[in-house]
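# Examination of the molecular architecture
Here is how the chains run, residue by residue.
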Amino acid sequence: MTAATTPETGTETVVALAGVDKWFGPLHVLQGIDLTVHRGEVVVVIGPSGSGKSTLCRAINRLETIDNGSITLEGRPLPQEGKELARLRSDVGMVFQSFNLFAHKTVLENVTLGPIKVRGTKRTDAEKRARELLDRVGVGQQAAKYPAQLSGGQQQRVAIARALAMDPTLMLFDEPTSALDPEMIKEVLDVMVDLARGGMTMIVVTHEMGFARTAADRVVFMSDGAIVEESTPDDFFTNPRSERAQDFLGKILKH
């Protein structure tokens with residue numbers, strides 16, 4: 001794929017959303033969304049429940065279709081169906097709240113399945129890469145186990161390794177720690193911070209404000225289906241411009 005380039009900065013655009021609308025029946029869940037994410041950028045999307053954050057994430061992977069507007073990945077519109085859509089999904093890694101691992105396959109098999117089936121990688125090469133990634137996320141010793149034998153934090157780290165095994169252009173994280181016990185959250189966030197520092201392009205929907213402060217290049221605040229404001233973490237957390245963001249931060253940062 002040839003990435004689009006923004007002329008004023010020379011920075012490669014990985015994802016661009018323009019005027020994106022999405023309805024669920026009468027509910028207007030995404031309202032005129034404009035968002036551009038550049039290569040190597042970490043964008044953290046925060047906001048109250050029901051603000052459209054997860055729908056935004058799922059639209060980029062075309063798990064949700066949109067009703068108006070456009071989404072491009074590296075300068076190309078998202079494909080509608082078939083092999084092109086499968087290729088898109090292999091280029092965009094996604095990590096969900098629920099780990100979505102195959103229960104009947106071992107950890108190693110979960111991580112090698114995509115590269116072998118979709119990329120046509122030789123099994124020996126796929127297994128070597130998978131073991132490297134499992135070591136990287138701190139679960140290398142669990143390769144022969146099944147998901148049910150792992151903690152939630154370990155399962156989520158396997159899910160991250162599985163997404164990375166496809167060498168994605170972009171990683172989407174949809175509230176990846178919300179199903180975890182508090183002591184497991186840090187081990188997953190540490191892996192995500194490591195990815196961010198390594199230059200992975202990431203869009204992260206999360207309630208973890210500490211991660212947003214330390215790892216984000218940009219914070220996008222959503223409310224009622226719209227992007228209300230976006231800025232650097234420092235600016236957003238110290239000087240939110242909108243009343244809606246001030247109210248949101250006032251509630252969550254007091255606890």
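Anything mentioned here points back to the structure above.
Residues numbered from 1 in each chain as written. Predicted model: local features only at pLDDT ≥ 70, side-chain atom pairs only at ≥ 80, totals over all residues. Heavy atoms only, no water.

This part covers helix α6 (residues 182-197). Side chains that are three or four residues apart share a direction in an α-helix, a result of its 3.6 residues per turn. With 16 residues, α6 extends 23 Å between its outermost C-alpha atoms, agreeing within 8% with the 22 Å of an ideal straight helix rising 1.5 Å per residue. By the burial criterion, the buried members of α6 are M184, I185, V188, L189, V191, M192, V193, L195 and A196. Next to the buried residues of α6 lie β4 (42-46), α4 (123-136), α5 (152-164), β8 (170-174), β9 (202-205) and α7 (209-215). Among the residues trailing α6, G199 stands out with phi positive, at a value near 95°. (Helix = DSSP H or I, 4+ residues; strand = E, 2+ residues; numbered from the N terminus. Expected span 1.5 Å × (residues − 1). Buried < 20%, exposed > 50% of the residue type's maximum accessible area, 1.4 Å probe, protein only. Contact = heavy atoms within 4.5 Å.)

Ordered in space as β7-β8-β9-β4-β10-β11, the 6 strands form an open sheet in which the pairing is mixed. Here the strands that pair on one side only, and so sit at the sheet edges, are β7 (92-95) and β11 (226-231). Adjacent strand axes in the sheet meet at a mean angle of 20°, parallel and antiparallel pairs treated alike. Two elements, β7 and β8, share 4 bridges in a ladder whose sense is parallel. (Pairing = 2+ DSSP bridges. Axes fitted to C-alpha atoms, helices over the stretch in contact; angles between N-to-C directions.)

Take helix α1 (residues 53-60) next. With 6 of 8 residues buried, α1 is to be regarded as a mostly interior element. Listed as buried for α1 are K53, T55, L56, C57, A59 and I60. In the segment just after α1, R62 is the residue with positive phi, at about 60°.

Further remarks concern unusual backbone geometry. Even without a glycine there, the phi angle at R62 is positive, about 60°. Mapped onto the fold, R62 is located in the loop between α1 and β5 (68-73). You can call R62 buried: its relative accessible area is 16%.

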